[in-house]
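Residues per chain are reported as follows:
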Amino acid sequence: MTNQFSRAMRLMRSRDPQKQEDGFHLLRPHAAQHLEELITEFNHEPNHGLRCWMLELIGEARSAEALPVLVAQLHGDDEPLRSWAVKGLEQLDTKPARHQLYQARSVGLIR
């Protein structure tokens, strides 16, 4: 992991809410640069709140590489993660992302 990413993740995992916010906002403008690391961390993170933040950051990356993670969460059972997946797919705004959203809406998975 790069120093910037490691520092941001350390802050996000802090018990101090302000440090958590600082870590999130440190990473947010650089999410695309750290997408692979974010996906890896997301897949291994046990903390639900941190997983939601990571999925938000994955969506913020606006990268086609995020599509599989976003689609998996779109079809998952976790409502907060699903809502971040929807937002991420909307931000991605590619034909495959729009197709996934259309499909999810047509079967009543999302509105």
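Residues numbered from 1 in each chain as written. Predicted model: local features only at pLDDT ≥ 70, side-chain atom pairs only at ≥ 80, totals over all residues. Heavy atoms only, no water.

Draft legend 1. The arrangement of unusual backbone geometry in detail. One non-glycine residue, Arg62, lies in the positive phi region at around 50 degrees. With respect to the helices and strands, the residue Arg62 is situated in the loop between α4 (48–60) and α5 (67–74). A positive phi angle is found at Asp93, which is not glycine, with a value near 50 degrees. Relative to the assigned elements, Asp93 resides in the loop between α6 (79–92) and α7 (95–106). (Helix = DSSP H or I, 4+ residues; strand = E, 2+ residues; numbered from the N terminus.)

Draft legend 2. Up close: helix α2 (residues 17–27). Taken residue by residue, α2 has Gly23, Phe24 and Leu27 as its buried positions. Axial view of α2: buried residues confined to an arc of 95 degrees, hence all on one face. Looking at the packing, one finds that the buried side of α2 touches α1 (3–12), α3 (35–44) and α4. (Buried < 20%, exposed > 50% of the residue type's maximum accessible area, 1.4 Å probe, protein only. Arc of directions from axis to C-beta. Contact = heavy atoms within 4.5 Å.)

Draft legend 3. Just the pattern of salt bridges, in detail. All told, the structure shown has 7 salt bridges when counted by the stated rule. Glu45 is the salt-bridge partner of Arg13, the closest N and O atoms lying 2.7 Å from each other. Highlighted residues: Arg13 in the loop between α1 and α2 and Glu45 in the loop between α3 and α4, separated in sequence by 32 residues. Taking the relative accessible area as the measure of exposure, Glu45 reaches 9% and is therefore buried. (Salt bridge = Lys/Arg side-chain N within 4 Å of Asp/Glu carboxyl O.)

Draft legend 4. Spatial organisation of the packing of α3 against α4. Between α3 and α4, the shortest axis-to-axis distance is 10 Å and the interhelical angle comes to 155 degrees. By the angle class used here, α3 and α4 are roughly antiparallel. The way α3 lies across α4 gives a crossing that is left-handed. Contact with α3, carried on its side by Leu35, Leu38, Ile39, Glu41, Phe42 and Asn43, involves Arg51, Met54, Leu55, Leu57 and Ile58 of α4 and no other residues of that element. Class assignment of the residues belonging to the contact of α3 with α4 gives a composition of 8 nonpolar, 1 polar and 2 charged. (Axes fitted to C-alpha atoms, helices over the stretch in contact; angles between N-to-C directions. Parallel < 35°, antiparallel > 145°, perpendicular 65-115°, else oblique. Left-handed = near helix turned anticlockwise from the far one by under 90°. Nonpolar A, V, L, I, M, F, W, Y, C, P; charged D, E, K, R; others polar.)

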